[in-house]
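Architecture and fold: a report
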Amino acid sequence: MSNLTPDLLLHGYAVGIFPMAEHRDDPEIFWVDPERRGVLPLDGFHISRSLARAMRRSTFDVRINSDFAGVVAGCADRADTWINSEISGLYSALHAKGKAHSIELWEGNSLVGGVYGVTLGAAFFGESMFSRRTNASKMALAALVDHLNRAGFLLFDTQFLTSHLASLGAQEITRRAYHARLQHATAQQANFTSVGVLQLYDVVQRMTQTS
């Protein structure tokens, strides 16, 4: 794929596809349209007792968009990654346009975990997450789900269903069902930056009160 632009990337999300590369050194980017799609119901995040306890005791700070590039770099910092330099640049461009965002966990001045994705209407397309401390990615995901709920989002697309995501409440649906949810969500409006992020103690309190 050549001449991929931020606007073309957004169009891809709007019609239900997303880009990947085979690995970080592969310059080729291809579109993916899974037959079965992973989604995380925004009212169905599973928070275990151990995770809830860890979140209540955590001293991590939760921030939004304070180091988007750092989150993308953290997600790409692994032996096997689909994030090549062009993909990283495209998401940075979407972030500059207000269409890509990150939720981050900080330990003092150190970025220790986070998740990033793309927004379109009331849909959030989760791209990747990373962790440099125990449970940091789970905590970041919990903070993101809470944030999306409070900001009025309707769809959290996780692309694929992994065992890790399934343990947190993610589900797999058919392509047809996904497209129906996508069409509904992108026809609505939500603003990722309309609400501030809560600290982890507040997030777990809200989640355990409504579970």
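Residues numbered from 1 in each chain as written. Predicted model: local features only at pLDDT ≥ 70, side-chain atom pairs only at ≥ 80, totals over all residues. Heavy atoms only, no water.

Turning our attention to unusual backbone geometry. We note that asparagine 65 has phi near 60 degrees; this positive angle belongs to a residue other than glycine. Residue placement: asparagine 65 occurs in the loop between β4 (61-64) and α3 (68-76). Despite not being glycine, asparagine 135 has its phi angle at roughly 70 degrees, a positive value. (Helix = DSSP H or I, 4+ residues; strand = E, 2+ residues; numbered from the N terminus.)

This brings us to the side chain of serine 137. Relative to the helices and strands, serine 137 is located in helix α5 (residues 136-151). Beyond its immediate sequence surroundings of up to four residues, serine 137 is in contact with Met129, Phe130, Ser131 and His164. (Contact = heavy atoms within 4.5 Å.)

Our next topic: the packing of aromatic side chains. Enumeration according to the criterion identifies seven aromatic pairs in this entry. Ring centres 5.6 Å apart and planes at 80 degrees place the aromatic pair phenylalanine 18 and phenylalanine 160 in the edge-to-face group. One end of the pair, phenylalanine 18, is in strand β1 (residues 18-20); the other, phenylalanine 160, is in the loop between β8 (155-159) and α6 (163-167), and 142 residues separate them in sequence. Using a relative accessible area of 36% as the deciding quantity, one classes phenylalanine 160 as partly exposed. Here phenylalanine 153 and phenylalanine 192 contribute two aromatic rings whose centre-to-centre distance is 6.2 Å and whose plane-to-plane angle is 75 degrees, an arrangement assigned as edge-to-face. With a gap of 39 residues between them, phenylalanine 153 in the loop between α5 and β8 and phenylalanine 192 in the loop between α7 (175-186) and α8 (200-210) connect regions that are remote in the sequence. Residue phenylalanine 153 is classed as buried on the basis of its relative accessible area of 4%. (Phe/Tyr/Trp six-rings, centres within 6.5 Å; stacked < 30°, edge-to-face > 60°. Buried < 20%, exposed > 50% of the residue type's maximum accessible area, 1.4 Å probe, protein only.)

What follows deals with the packing of helix α2 (residues 49-57) against α5. Packing of α2 against α5 leaves a shortest axis separation of 11 Å and a crossing angle of 85 degrees. When the axis of α2 is compared with that of α5, the two are roughly perpendicular. Together, Leu51, Ala54 and Met55 of α2 and Lys138, Met139 and Ala142 of α5 make up the contact between the two elements. Taken together, the residues of the contact of α2 with α5 break down into five nonpolar, no polar and one charged. (Axes fitted to C-alpha atoms, helices over the stretch in contact; angles between N-to-C directions. Parallel < 35°, antiparallel > 145°, perpendicular 65-115°, else oblique. Nonpolar A, V, L, I, M, F, W, Y, C, P; charged D, E, K, R; others polar.)

Next up on the list: helix α1 (residues 6-14). Residues of α1 that are buried include every one of Leu9, Leu10, Gly12 and Tyr13, and no others. Projected onto a plane normal to the axis of α1, the buried residues spread over an arc of 155 degrees and lie on a single side. The inward-facing, buried residues of α1 abut β1, β2 (30-32), α4 (85-96), β6 (110-120), β7 (123-131) and α7. Within two residues after α1, glycine 16 carries a phi angle of roughly 95 degrees, on the positive side. (Arc of directions from axis to C-beta.)

We now examine the sheet that holds β8. Strand order in the open sheet formed by seven strands is β4-β5-β6-β7-β8-β3-β9, with mixed pairing between adjacent strands. Two strands in the sheet have a free side with no partner beyond their single neighbour: β4 and β9 (171-174). The mean angle between the axes of side-by-side strands here comes to 35 degrees, regardless of whether they run parallel or antiparallel. Pairing of strand β5 (residues 100-107) with β6, which is carried by eight bridges, proceeds in the antiparallel orientation. Paired with glutamate 104 across the bridge in β6 is glycine 114. In the packing of α7 onto the sheet, the strands contacted are β3 (36-39), β6, β7, β8 and β9, and the crossing angle to β9 comes to about 95 degrees. (Pairing = 2+ DSSP bridges.)

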